[in-house]
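The primary structure of each chain is shown beneath.
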Amino acid sequence: MLAGLRVVEAASFIAAPSCGLHLAQLGAEVIRIDPIGGGPDYHRWPLTPEGASLYWEGLNKGKKSVAIDLARPEGRALVQRLATAPGDYAGLFVTNFPVEGFLAHDTLAKLRPDLITLRVMGWSDGAQAVDYTVNAAMGIPLMTGTPSLGDAPVNSVLPAWDLLAGAYAAFSLLAAERSRRSTGKGTEIRLALGDLAAATLANLGQLAEVLISGADRPRAGNDLFGAFGRDFTTRDNRRVMVVAITPRQWSELVAALGLAAEVAKIEAELGVSFAKDEGLRYRHRERLWPIFEAAFARRTIEDLAAQFDAGGVTWAPYRTVAEAAASGDRFGFGAAAMETIAHPSGHRYPAPGSPARFMSADRSPVIPAPRLGQHTDEVLAALLAMPDDEIASLHDRKLIAS
């Protein structure tokens, strides 16, 4: 899909590298630049028993790797040349380095005026931030969890803003590249995690909710806010999550559990129609929970799975990652069409390609992450037309590694 597009990435952690990952899995040539010995994310957990980072090789699949000494002026100049190397579909640079410094857009644009720089930041004023600190500042850990927690925050293990930033960065970069085709002009795009989090909460109505009501949203445990959804326990002590947002989802759930008569009785008592208004299901959830809890307690998860699948109920079992990995059903990792491949760590395990399925094209094979510096010589020769003796000299001076 993106064959012929060349992106240079000098970044670490999740947001910016996941941008490069998305682009690489859609066919772009993505060249990652790291310090010799690896950057700050090269040894991040989770690790293999031998100490290799599963995190690093997961986020860098399909990329090329160049290792350069970034502490020396000559190495930094080399990075600048790579970021601004010629090519009609090149000059695309992804980074989370600071706004100022040797990778400042204005500095790089002197070497290539039509350069497009996508810079992932923490806060828009340049202050550092990561997903956890942005989440804390935006109030999300105080909306999460049960009311019994009081003022104790609940952090999420899913780095939502990092992941969303990676995707937003990828299509922002492509939008800028499309604009450059008609205008010939480059640009710098600054994408701050804080801005993304604030915009998302505002887009979801959560900012307006607080400003209009004058109060923060209370914690609701595992209840789905504003609709019907919660975890329930089956007769064989398994937990499942069910959700009924639309009228159809609600009717399918009620029918599958055989609760039509009991629900109708509650509706008559309250003078409401749960089928017409999802908010009423949430408002009166305390009346609904007991009959649903009893219905789940009468059935095993096997019975429920058959009834729910036959009726089209929106549900899923609660599982550990290990259980999901071992499963062969739609709820497991196998449904994502992963391939078991050899990785730089020496281990073989399933890895995904692009999660987007283009139905008119075959899925591309999954390409593992590179070894650190694996493509240094190849990239210098191809992008900068550097002869072998010059590359050898850089090795001798320990400015590059392969």
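Because the structure is a prediction, the values reported are computed rather than measured.

Details of the overall build of the protein
Here is step 1 of the chain: Scanning the protein for helices and strands turns up 16 helices and 12 strands.
Here is step 2 of the chain: Restricting the contact set of the protein to residue pairs at least 6 apart, pairs at least 24 apart contribute 66%.
Here is step 3 of the chain: Summing over all exposed atoms, the protein offers an accessible surface of approximately 20,500 Å²; the carbon and sulfur share of this is 57%.
Here is step 4 of the chain: Taken as two groups, the 40 positive and 45 negative side-chain charges of the protein have centres that lie 3 Å from each other.

Here's the deal with the pattern of salt bridges
Here is step 1 of the chain: By the definition in use, this model includes 19 salt bridges.
Here is step 2 of the chain: In this structure, E9 engages K63 in a salt bridge whose closest nitrogen and oxygen atoms are separated by 2.8 Å. Taken together, the positions of E9 in strand β1 (residues 6–10) and K63 in the loop between α2 (54–59) and β3 (64–68) put the pair 54 residues apart, joining distant regions of the chain. The burial state of E9 is the same as that of K63; both residues are buried.
Here is step 3 of the chain: Here R190 and E188 are joined by a salt bridge, their closest N and O atoms 3.3 Å apart.
Here is step 4 of the chain: Using a relative accessible area of 46% as the deciding quantity, one classes R190 as partly exposed.
Here is step 5 of the chain: The network of salt bridges with shared partners includes E9, R32, D34, D41 and K63.

Some thoughts on the sheet that holds strand β4 (residues 92–95)
Here is step 1 of the chain: Pairing is mixed across the open sheet formed by 7 strands, whose spatial order is β6-β5-β4-β1-β2-β3-β12. At either end of the open sheet lies a strand with only one pairing partner, and these are β6 (187–192) and β12 (400–401).
Here is step 2 of the chain: Each of β1, β2 (29–35), β3, β4 and β12 is contacted by helix α3 (residues 73–83), which is oriented at about 150° to β3, the strand it contacts most.
Here is step 3 of the chain: The strands touched by helix α15 (residues 376–384) within the sheet are β1, β2, β3 and β12, with β3 carrying the most contacts at an inclination of about 95°.

Rules used in this analysis
- Every chain is numbered on its own, with residues counted from 1 as its sequence reads.
- For this predicted model, a pLDDT threshold of at least 70 governs which residues receive local features, and a threshold of 80 or more governs which side-chain atom pairs are given and counted, while totals over whole chains, interfaces and linings are taken from all residues.
- Side-chain numbers come from the whole structure's heavy atoms, not from hydrogens or water.
- The numbering of helices and of strands both runs from the N terminus, where a helix is a DSSP run of H or I of at least 4 residues and a strand a run of E of at least 2.
- In what follows, residue pairs with any heavy atoms lying within 4.5 Å of each other are defined as contacts.
- To measure how exposed things are, a 1.4 Å probe is used in the Shrake-Rupley method; for residues, cover is taken only from the protein chains shown.
- Residues scored as charged are limited to Lys and Arg (positive) and Asp and Glu (negative), so that His and the chain ends carry no count.
- Charge positions come from single atoms, namely NZ of Lys, CZ of Arg, CG of Asp or CD of Glu.
- Take a side-chain nitrogen of Lys or Arg and a carboxyl oxygen of Asp or Glu: if they are within 4 Å of each other, that pair is a salt bridge.
- Here's how the labels work: a residue is buried when its accessible area is under 20% of the maximum for its type, exposed when over 50%, partly exposed in between, all with a 1.4 Å probe on protein chains only.
- Strands qualify as paired when DSSP identifies two bridges or more between them.
- Between N-to-C directions, angles span 0 to 180 degrees; the directions come from axes that are lines fitted to C-alpha atoms, helices contributing only their stretch in contact.

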